[in-house]
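# Summary of the model geometry
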Amino acid sequence: MLHTQSAPNQRRSSDPEAMAVVTRFAPSPTGFLHIGGARTALFNWLFARHHGGRFLLRLEDTDRRRSTPEAIAAIIDGLEWLGLDWDGDVIHQSRHAERHAEVARRLLAEGKTYHCFCTPEELAEMRQAARAAGRPVRYDGRWRDRDPSQAPPGVPPVIRFKAPHEGETVIPDKVQGEVRVANEQLDDMVLLRADGTPTYMLAVVVDDHDMEITHVIRGDDHLTNAFRQAQLYRALGWPMPTFAHIPLIHGPDGAKLSKRHGALGVDAYRERGYLPEALRNHLLRLGWAHGDDEIIGTEQAIQWFDIDGVGRSPARFDFAKLDSLNGRYLRQADDNRLVELITPRLAEMVGQAPGEREKERLLRGMTELKQRAKTLVELAENAAFYARSGLLPLSEKAKETLTAEARGRLARLKPRLEAVEAWAPEPLERAVRAFAEAEKVKLGQVAQPLRAALTGATVSPGIFGVMAVLGREETLARLSGIVI
RNA sequence: GUCCCCUUCGUCUAGCGGCCCAGGACAUCGGCCUCUCACGCCGAAAACAGGGGUUCGAGUCCCCUAGGGGACGCCA
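Position numbers for residues count from 1 along each chain, tracking the sequence in the order it is written. Here the convention is simple: chains get letters from A, ligands get numbers from 1, in the order in which they are written. Local features are withheld for residues below a pLDDT of 70 in this predicted model, meaning they are given only at 70 or higher, and side-chain atom pairs are given and counted only at 80 or more; totals for whole chains, interfaces and linings count all residues. Remark: hydrogens and water are excluded; side-chain values derive from all non-hydrogen atoms of the structure.

### With respect to the nonpolar core
As used here, the term nonpolar core means buried Ala, Val, Leu, Ile, Met, Phe, Trp, Tyr and Cys residues forming a set that is joined through side-chain atoms within 4.5 Å. The buried label applies to any residue whose accessible area, calculated with a 1.4 Å probe on protein chains only, is under 20% of its type's maximum; exposed applies above 50%, and partly exposed to all values in between. Counting residues in hydrophobic clusters, the biggest one holds 50 residues, and the most contacted among them are Leu 417 and Leu 450. Under the scheme used here, helices are H or I runs from DSSP no shorter than 4 residues and strands are E runs no shorter than 2 residues, and both carry numbers assigned from the N terminus. Listing elements by their share of this core, those giving two or more residues are helix H10 (319-332), helix H11 (335-350), helix H12 (356-369), helix H13 (376-387), helix H15 (404-418), helix H16 (425-439), helix H17 (443-455) and helix H18 (463-483). A per-element tally of this core places H18 first, with 9 residues. The contacts of Leu 450, once residues within four sequence positions are left out, are Leu 410, Leu 413, Val 432, Ile 463, Met 467 and Leu 479. By size, the runner-up hydrophobic cluster in this structure holds 47 residues, among which are Phe 47, Ile 72, Leu 264 and Leu 286. Throughout, a contact is declared for two residues whenever any of their heavy atoms are within 4.5 Å.

### As for the packing of aromatic side chains
Geometry of aromatic contacts follows a simple scheme: Phe, Tyr and Trp rings, the Trp one being its six-membered ring, pair when their centres are within 6.5 Å, and the pair is stacked under 30 degrees between planes, edge-to-face over 60, tilted otherwise. As enumerated under the stated definition, the model contains 8 aromatic pairs in all. Their ring planes at 70° and their centres at 5.7 Å tell us that Tyr 269 and Phe 317 sit as a pair that is edge-to-face. Here Phe 317 lies in the loop between strand S12 (315-316) and H10 and Tyr 269 lies in helix H7 (residues 266-271), a separation of 48 residues in the sequence. Assigned by exposure class, Tyr 269 and Phe 317 land together as buried. An aromatic cluster is defined as three or more aromatic residues linked by ring pairs; in this entry it consists of Tyr 269, Tyr 274, Phe 317 and Phe 319. Charges are assigned to positions over rings by a cutoff of 6 Å between ring centre and Lys NZ or Arg CZ, combined with an angular limit of 35 degrees from the ring normal. Sitting above the plane of the Trp 143 ring, Arg 146 keeps its charged end 4.0 Å from the centroid.

### Structural notes on the layout of surface pockets
For each structure, a 1 Å grid was placed over the protein atoms alone; sets of points admitting a 1.4 Å probe that cannot get out are labelled cavities, open sets with protein on both sides within 12 Å along at least five of seven lines are labelled pockets, and lining residues have an atom within 4 Å of a point. Grid points are joined across faces, edges and corners, and a volume is the space filled by probe spheres set on the points. Here the largest pocket defines a volume of roughly 1000 Å³. Contributing to the lining of the largest pocket are 37 residues, with Pro 27, Ser 28, His 34, Asp 221 and His 222 lying nearest its centre. No other element matches the 4 residues that helix H1 (residues 35-50) contributes to the lining of the largest pocket. Note on residue classes: Ala, Val, Leu, Ile, Met, Phe, Trp, Tyr, Cys and Pro are nonpolar, Asp, Glu, Lys and Arg are charged, and everything else, Gly too, is polar. Taken together, the residues that form the lining of the largest pocket break down as 15 nonpolar, 12 polar and 10 charged. The calculated volume of the second largest pocket comes to roughly 370 Å³. Contributing to the lining of the second largest pocket are 19 residues, with Leu 123, Arg 127, Val 158, Arg 160 and Val 190 lying nearest its centre. Of all the secondary structure elements, the ones that give two or more residues to the lining of the second largest pocket are helix H4 (120-132) and strand S5 (158-161). Class assignment for the residues of the lining of the second largest pocket results in 12 nonpolar, 1 polar and 6 charged.

### Things to note about the pairing of strand S9 (residues 215-219)
Regular strands place their side chains on alternate faces of the sheet. The buried count for S9 comes to 5 of 5 residues, which makes it a mostly enclosed element. Crossovers are marked right-handed if the path from the first strand over the helix to the second runs clockwise, as seen with the strands pointing away from the viewer. On the question of chirality, the crossover connecting S9 to the parallel strand S10 (residues 242-246) by way of helix H6 (residues 223-236) is right-handed.

### Observations regarding the protein's contact with RNA strand B
In these notes, residues near a molecule or strand are those with any non-hydrogen atom within 4 Å of it. Taken together, 68 residues sit near RNA strand B, with Arg 193, Lys 256, Gly 287, Gln 371 and Arg 451 positioned nearest. The sugar-phosphate portion of RNA strand B accounts for 71% of its atoms within 4 Å of the protein, the bases making up the rest. Under the rule applied, a polar contact is a pair of N or O atoms within 3.5 Å (in protein, one hydrogen donor and one hydrogen acceptor; residues adjacent in sequence only if both atoms are side-chain atoms). Measuring from a sugar or linking oxygen of RNA strand B, one finds a side-chain N or O atom of Gln 185 at 3.0 Å. Classifying every residue of the surface near RNA strand B gives 25 nonpolar, 20 polar and 23 charged.

### Some remarks on empty space enclosed by the protein
A water-sized probe, rolled over the atoms, reveals where empty space remains. What the rule picks out here adds up to 1 cavity of 30 Å³ or more. By volume, the largest cavity is sized at about 70 Å³. Taken together, Leu 42, Trp 45, Leu 46, Glu 277, Arg 280, Asn 281, Leu 284, Ile 296, Gly 297, Thr 298, Ala 301 and Tyr 329 form the lining of the largest cavity. The set of elements that each furnish at least two residues to the lining of the largest cavity consists of H1, helix H8 (276-285) and helix H9 (298-304). Taken together, the residues of the lining of the largest cavity sort by class into 7 nonpolar, 3 polar and 2 charged.

### Concerning the sheet that holds S5
Strand order in the open sheet formed by 3 strands is S4-S5-S8, with antiparallel pairing between adjacent strands. Of all strands in the sheet, those bounded by a partner on one side alone are strand S4 (113-116) and strand S8 (190-192). The average undirected angle you get between the axes of adjacent strands in this sheet is 45°. When S5 meets S8, the two strands line up antiparallel, connected through 2 bridges. Strand pairing requires that DSSP identify at least two bridges connecting the strands. Angles run from 0 to 180 degrees between N-to-C directions of axes, and those axes are lines fitted to C-alpha atoms, restricted for helices to the stretch in contact.

The following block contains the structure:
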């Protein structure tokens, strides 16, 4: 469920701009919400929340063919899981198509756009020729000043923007600084397709304007688009939003993140056992810093976040650091919540959902268990022995530990344990230590076989704590299963 | 090819002209703790891409080179 984060301290009522901030996350629903998109959403969300403004979600689905309901669901699901709640309803860009066309027609009437009758094949040839000749790959403007009466029959025209040839276009970017390009570098972009639908360039500008977006925070793969959009804003006579182009996240090899790098959907991160707050923290630290601070909770992030802290160089996604961060959040997480989170995983591993008794054990053992896991996957694996009943499967190492000698020792230990009155870690430890002394062996010689017998593994939380959580009956039952 | 952007330890980064023979975190390697594994604690190794300027002084400002990335669609 979504709710608005309350952040009482971040708003300064004396700041007249504070209430005006409106950001948006505008993914195209052609696939899952990948990690780069998630970070863009996070930055927009944090910026809006920090300034007490609004954060909107707009689906850029003008390309109807490539937009799917599944992708829309995945994006919404991903944002909800990450806890990035948006204000108002989800906006579907495609529903504004008529408005976009209207703007294009207005521009046409004002002589700022023109019909272009080139066929896709013709354009492909043009590009190919330019590339072959080593010339810049651009539309050559052949219909810019040509009379529409010369139009070839049967070719539905597109509407192109009459881009200025002289001068330069400057983007004051909050992250990149002042970025400028000579106008001769930019060709006449298509605004309205032959079928009358708007292109991305037209749609973003119109929607960002209509939605009164004040700050456009997006990946810097859009930086060059911003030049064209700036020209459109000028032609339309609309004020430009503030741009902030944040660097992309790269794969381990430094190249743009792709599937082979693990550019997974956020659902994959959930599946791999990461906590949303840990992923948020990690994403935040990719390209943004607040001095030496590393562990930054969401409330703190809202207070601190601003575009000033965003760096200009791309970052690589580091799973090792995410693991470490996740481990920290795991240790701080509420025990009940963790039990619930691993329950489905346990059900799958053990073959049946943990019952009341098992959940009770898991809860009591959680404080110790969560010290030892970096992900929920690991946590579930380490906790499985609490969720099992009946025969405990033994790991290879556990089998090796349980030699005939060790089993014999456990058999001799058993009556001593039965004699323990208060079934708690300290008395149990005293009993086992006394037994080890009597056997003239080190504590480990007893503790390890005991661990193997009770947990099925050679690695576990402190064994006396485990015995306490398991309880007298279960502990002795598991021992019986081994020594016989 | 053209244009735009980027470049501090392996990775994420601090640094906004002197506080830096460069700090933190993750990872790595030692050690302590110890019933195993973790956690925790202590310690080590590890970077200003290269070259020119500007300046009394440059990781910090400017230029060039190299390397990396991004954009060049009737995709978004």
